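A closer look at the structure
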Amino acid sequence: MRHLLGIRDLKREEIEEILETAEGFADVLKRDIKKVPTLRGKTVVNLFFEPSTRTRTSFELAAKRLSADVINFSVPTSAVVKGESLIDTAMTIQALGADFVVVRHSCSGVPHLLSRHLRASVINAGDGINEHPTQALLDAFTIKRHKGGFKGLKVAIVGDILHSRVAKSNIRCLKTLGAEVRLVGPPTLVPEGFREEGVEVYWDMDEGLRGVDVIMMLRIQLERQDRGFFPSKNEYFRLWGLTPERLSLAARDAIVMHPGPMNRGIEIDTDVADSERSVILEQVTNGIATRMAVLYTLAVNP
Amino acid sequence: MEGIEKVLMQSDEIERTLRRMAHQIVEYNRGVEELCLVGIQQGGVAIAQRLAEYIKRTEGRDVPVGSLDIAFYRDDITKRPQPPKVRKTDIPFDIEDKVVVLVDDVLYTGRSIRAAMDALMDMGRPARIQLAVLVDRGHRELPIRADFVGREIPTSRLEHIEVSIGDKPSHDRVVLKTGR
């Protein structure tokens, strides 16, 4: 594996190997000295064409914990605003001596394009509405830690599946690992066509949550709100918001996840977000170990 | 063509050797106070457990045993044909000011031991680190030597030494393999 472009390209064993490696890094992160010399002398470039704080910070910390040098290249400060082409920007970064390029872009397929031009390993940190593979891996890692395994596990992914790269990667990752996946949301955001991915589609929230072991909430992208996918924020919360009452329909030990940033009171009730069933902050912590595992896996498989 | 295999140590000889090493470790450290054993993944872990068992029989005391994975500390991760698999590091005790006996099956270039010492240092500051190996096959690339050696076996770089120590002591073997 030279690049991580999407979960689509990964075999089950490859996903399991990354999750196992992440366990090793999670142990490192619990020590007083939270750093290992594994990637000493390597350079990681974060190339973000879309604003992001959490993913970029998580990659930055992951690279630093592995003793790599990190450069952050973000759009407003770069030559892109001066009209430089995407490939020219990437070639410039390569000329700086990057070994890994972590890229996020609002267009699907940008990481794939770059991977054909760069010698460096390309990691997709979110491309358009296509994939966000490291988020799916850290979610799988978090689920594995709580539930032990994936076989027969019922996972509901709730919200704007249509525009969510997190959902796309998670569907593939969880299906590959053997979980049962349900998509829950309004028909405008969860079209029937998703059934082709081998998942169940529920347009009724209560029905969709019944008996599930994991509830994965997605962020409602408020910037898309004016396009008529749902009438209003209040109505969305009434029909699709995760409230304590709805949570009680799931399995007694179900966990609640959210990739962040959350809209409290729109897709998730604030009491649920802060409840002991919520593993939302753990996801953030696990993101570092998982991204360390991805960097490590790409480094040792040239 | 298959390579040639030669059994260098049988189970009874391995047992005698490990018992002797257990005695040496206790004698050298004048008891088991402050002593702990850390086996290097993967080959050193079972040997460390065996040594602890023999120490317990003579001293009547449990010595803490841990396992250490050194994949993150290797200096050759990008050069190996097979990527190192990450195994469990489990050291459920504090190594601060302890005498840590690192245990491995075969001592060869010394690079694994260098990596293991760096890994240990990131977990605390042991009073001392000592090294126990079942087989020393020579060809050191770093100034490292073992404090407790089961057997010195001069080898060629083309040869390969395979140690199998498991749950069934009667199946234990040290085998020399030549060619491919």
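Residues numbered from 1 in each chain as written. Chains lettered and ligands numbered in written order. Predicted model: local features only at pLDDT ≥ 70, side-chain atom pairs only at ≥ 80, totals over all residues. Heavy atoms only, no water.

Describing the packing of aromatic side chains
According to the stated counting rule, one finds five aromatic pairs over all chains in the structure shown. Seen from their ring centres, Phe25(A) and Tyr296(A) are 5.8 Å apart, and the 70° between their planes marks the pair as edge-to-face. Placement of Phe25(A) in helix H1 (residues 12–28) and of Tyr296(A) in helix H11 (residues 280–300) is noted, with a sequence separation of 271 residues between them. Here Phe25(A) matches Tyr296(A) in class, with each residue buried. With a centroid separation of 5.6 Å and 85° between ring planes, the pair formed by Tyr28(B) and Phe148(B) is classed as edge-to-face. Here Phe148(B) lies in strand S6 (residues 148–152) and Tyr28(B) lies in helix H1 (residues 11–28), a separation of 120 residues in the sequence. Tyr28(B) sits in the partly exposed class, given a relative accessible area of 48%. Given the relative accessible area of 3%, Phe148(B) is considered buried. Put simply, the rings of Phe25(A), Tyr296(A) and Phe72(B) touch in pairs and so form one group of aromatic residues. (Phe/Tyr/Trp six-rings, centres within 6.5 Å; stacked < 30°, edge-to-face > 60°. Helix = DSSP H or I, 4+ residues; strand = E, 2+ residues; numbered from the N terminus. Buried < 20%, exposed > 50% of the residue type's maximum accessible area, 1.4 Å probe, protein only.)

With respect to the sheet that holds strand S1 (residues 4–9) of chain B
All names here are of chain B. Ordered in space as S1-S8-S7, the three strands form an open sheet in which the pairing is antiparallel. Each edge of the sheet is formed by a strand with only one pairing partner; in this case those strands are S1 and strand S7 (159–164). Ignoring strand direction, the axes of neighbouring strands in this sheet form an average angle of 25°. Note that S1 and strand S8 (residues 173–178) share five bridges and pair antiparallel. Residue Met-9 lies in a different strand from S8, and its bridge partner there is Val-174. Its contacts with the sheet place H1 against S1 and S8, and it is angled at close to 45° to S1. (Pairing = 2+ DSSP bridges. Axes fitted to C-alpha atoms, helices over the stretch in contact; angles between N-to-C directions. Contact = heavy atoms within 4.5 Å.)

A short note on the pattern of salt bridges
All names here are of chain B. In the structure shown here, the tally under the stated rule is 30 salt bridges over all chains. Lys-177 is the salt-bridge partner of Glu-5, the closest N and O atoms lying 3.7 Å from each other. Placement of Glu-5 in strand S1 and of Lys-177 in strand S8 is noted, with a sequence separation of 172 residues between them. Residue classification places Lys-177 among the partly exposed residues on the basis of a relative accessible area of 23%. One salt bridge connects Glu-33 with Arg-61, and the closest N-O pair in it is separated by 3.5 Å. Taken together, the residues Glu-33 in the loop between H1 and strand S2 (35–40) and Arg-61 in the loop between helix H2 (43–59) and strand S3 (65–68) connect sequence positions 28 residues apart. In this structure, a network of salt bridges that share partners links the residues Asp-75, Arg-111, Glu-141 and Arg-157. (Salt bridge = Lys/Arg side-chain N within 4 Å of Asp/Glu carboxyl O.)

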